[in-house]
Protein chains: 2
Amino acid sequence: MDIPVVENVLKLNDEVAALNRQQLRERHILTLDLMGSAGCGKTALLEATLRRLGDKLHIAVIAGDLTTTRDAQRLAALCPRVVQINTGRSCHLDANQVRQALARLDLNALDLLVIENVGNLICPVGFDLGQDFKVAMFAVSEGDDKPAKHPYMVTEAAALVLNKTDLLPHVPFKMDQFRADVAYLHPRVPLLTVSALRGEIEPWLDWLLAARKKP
Amino acid sequence: MDIPVVENVLKLNDEVAALNRQQLRERHILTLDLMGSAGCGKTALLEATLRRLGDKLHIAVIAGDLTTTRDAQRLAALCPRVVQINTGRSCHLDANQVRQALARLDLNALDLLVIENVGNLICPVGFDLGQDFKVAMFAVSEGDDKPAKHPYMVTEAAALVLNKTDLLPHVPFKMDQFRADVAYLHPRVPLLTVSALRGEIEPWLDWLLAARKKP
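Just so we're clear, the structure is a prediction, and the values are computed from it rather than from any experiment. (Residues numbered from 1 in each chain as written. Chains lettered and ligands numbered in written order. Predicted model: local features only at pLDDT ≥ 70, side-chain atom pairs only at ≥ 80, totals over all residues. Heavy atoms only, no water.)

A.B. asks: Hey, could you run me through the overall build of chain A in this one?
C.D. replies: Assigned secondary structure in chain A consists of eight helices and seven strands. Taken over the C-alpha trace, chain A has a radius of gyration of 17 Å; the compact-globule value for 215 residues is 17 Å, and the two agree within 12%. Burial status across chain A gives 58% buried among its 215 residues. Put simply, of all contacts in chain A between residues at least 6 apart along the chain, 74% involve residues at least 24 apart. Surface summary for chain A: the accessible area is close to 9100 Å², and the carbon and sulfur share equals 51%. Mean positive and mean negative side-chain charge positions of chain A (25 and 26 charges, respectively) differ by 3 Å. (Helix = DSSP H or I, 4+ residues; strand = E, 2+ residues; numbered from the N terminus. Rg over C-alpha atoms; globule rule 2.2 N^0.38 Å. Buried < 20%, exposed > 50% of the residue type's maximum accessible area, 1.4 Å probe, protein only. Contact = heavy atoms within 4.5 Å. Areas by Shrake-Rupley, 256 points an atom, 1.4 Å probe, with all protein chains shown as cover. Lys, Arg positive; Asp, Glu negative; His and termini not counted. Charge placed at Lys NZ, Arg CZ, Asp CG, Glu CD.)

In structure tokens, the structure reads:
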């Protein structure tokens, strides 16, 4: 019944995403769409990233949330270029929201833009925002079955971050099962294991710096 | 643009939910819609519940997932009445999916029906399934800011389960902040702290058994 409307919405979204992508690529800004469940540590990863790279790169963050500005406030303490998007009851960001946020940033002085999507493993996957890469994030505390249960997150991601490795001694998590499910769904996707809380994010930083050098 | 369509979808959903509710209430079946993030421990809570109450009550579970039957398989080991609904890419269950699942259950011999919704803090909130109560579930590993960031989950819930208390020594989680945010959003909602993994679920069992006695 509502399929034509949904198709129109997605087509319009794709058109705006293409405009965003053009605008960002012209300025050689690496743009990432960071997707993950509520509480997987997206903001903590960005805090750790800003601490490590904030004096080397010009970084901006667009943070999506239903109602609060808590993530943006946390990030603003470490980064002068943070734009908050409140989505109300909407479960993902769309390209037009990102377009409006871009208008509030000075793109000429930027190396890296991270769009922190709304905490949700499902809805953000289907919406192109104009990013170079979608990055999927899980936490060991969510269990080893998340890739198998949320396969589209995995297949759409250019890199997969597994956070909260500091909790591995305290949770039931079979790393072999997790790796096998990821490899089955997306054989060559880089799996970056980190503890954002402890600042142990080297695999992520290495991937990020390598991704900047790609055409 | 698409608001009229959305309104029609919700109206149709509400009509089917009312049919479900009538069918379930006629048989005095307590029906819960269990909502929570992917990996918060919904299935583990139901496993622990089935271990504790499985020989006292006739319990059925309807489990929603995008693609796999992993949750249903786990629960079927403890319960003969499990129906799986695969939603594909849809981020929540709707009343019609529940209606189809009800047709596959013998409702005459049932005391309790738990509908385990798709792992998501946003989309399931807006859809009535015909339940008596919506139950919202968080885990301490997700951080203490989840009620504030997902307020509709809290305001719509008749009870709020906080799981994975066994991880409290290992994660940054301010219980006072969590409790204050919950109390601000929904002053009298019962907050049931549990460790499903350890089988420490007394507050949840007490609430469940009391809810059964309500008219």
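A.B. asks: Is there a simple way to think about the interface of chain B and chain A in this case?
C.D. replies: One frequently used descriptor of interface size is the decrease in accessible area upon assembly of the parts. Contact residues are listed per partner, giving 41 residues for chain B and 41 residues for chain A. Of the roughly 3400 Å² buried at the junction of chain B and chain A (both faces included), carbon and sulfur atoms supply 63%. At the surface where chain B touches chain A, the tally comes to six salt bridges. Residue lysine 149 of chain A pairs with aspartate 71 of chain B through a salt bridge whose shortest N-O separation is 2.7 Å. Between the two partners, chain B and chain A, sit eight residue pairs in polar contact (both at pLDDT 80 or more). Elements with a contribution of two residues or more to the side of chain B that touches chain A: helix H1 (3-26), helix H3 (70-76), helix H5 (146-149), helix H6 (151-156) and helix H7 (175-185) of chain B. Here the residues of the side of chain B that touches chain A are counted per class, giving 17 nonpolar, 12 polar and 12 charged. (Buried area = accessible area lost by both parts, 1.4 Å probe. Salt bridge = Lys/Arg side-chain N within 4 Å of Asp/Glu carboxyl O. Polar contact = N/O pair within 3.5 Å; in protein donor to acceptor, adjacent residues only side chain to side chain. Nonpolar A, V, L, I, M, F, W, Y, C, P; charged D, E, K, R; others polar.)

A.B. asks: Mind showing me how you'd approach the packing of helix H2 (residues 42-53) of chain B against helix H8 (residues 202-213) of chain B here?
C.D. replies: Packed helices, taken two at a time, are described by the angle their axes make and the gap between the axes. Residue and element names in this part refer to chain B. Between H2 and H8, whose axes approach to 11 Å, the crossing angle comes to 65 degrees. Here H8 runs roughly perpendicular to H2, going by the angle between their axes. In this structure, H2 meets H8 at a crossing whose hand is right-handed. Along the contact surface, H2 presents Leu45, Thr49, Arg52 and Leu53, while H8 presents Glu202, Trp204, Leu205, Leu208 and Leu209. Class assignment of the residues belonging to the contact of H2 with H8 gives a composition of six nonpolar, one polar and two charged. (Axes fitted to C-alpha atoms, helices over the stretch in contact; angles between N-to-C directions. Parallel < 35°, antiparallel > 145°, perpendicular 65-115°, else oblique. Left-handed = near helix turned anticlockwise from the far one by under 90°.)

A.B. asks: What exactly am I supposed to notice about the pairing of strand S5 (residues 133-139) of chain A here?
C.D. replies: Two faces make up the sheet, and in a regular strand the side chains alternate between them. Residues and elements named next belong to chain A. A large share of S5 lies buried, amounting to six of its seven residues. The pairing of strand S1 (residues 30-36) with S5 spans five bridges and is classified as parallel. The partner of methionine 35 across the bridge, within S5, is alanine 136. When S5 meets strand S6 (residues 159-163), the two strands line up parallel, connected through five bridges. Paired with valine 135 across the strands is alanine 159, a residue of S6. (Pairing = 2+ DSSP bridges.)

A.B. asks: Can you help me understand the pairing of strand S2 (residues 59-65) of chain B in this one?
C.D. replies: All names here are of chain B. Counting buried positions along S2 gives seven out of seven residues, so the element sits mostly inside the fold. Of the two faces of S2, both are covered, the one formed by Ile59, Val61, Ala63 and Asp65 as well as the one formed by Ala60, Ile62 and Gly64. In this sheet, strand S4 (residues 112-116) lies alongside S2 in parallel orientation, the contact comprising five bridges. Residue pairing across strands places isoleucine 59 opposite leucine 112, the latter belonging to S4. Two elements, S2 and strand S3 (residues 82-86), share five bridges in a ladder whose sense is parallel. In the sheet register, isoleucine 62 faces S3, and the bridge partner there is valine 83. Taken together, S2, H3 and S3 constitute a β-α-β crossover, and its handedness is right-handed. (Right-handed = clockwise from strand over helix to strand, strands pointing away.)

A.B. asks: Whenever I open this one, the relation of the copies chain B and chain A confuses me. Can you help?
C.D. replies: Think of it as a corkscrew move, a rotation about one axis and a shift along it, taking one chain copy to the other. Overlay of chain B on chain A (RMSD 0.0 Å): rotation 180 degrees, translation along the axis 0.0 Å. Here the copies are linked by what is in effect a two-fold axis. The residues that chain B uses at the interface reappear at the interface of chain A in 100% of cases, marking a shared surface. (Least-squares fit on C-alpha atoms with pLDDT ≥ 70 in both.)

Everything listed here is a matter of coordinates, which is why it stays silent on function.
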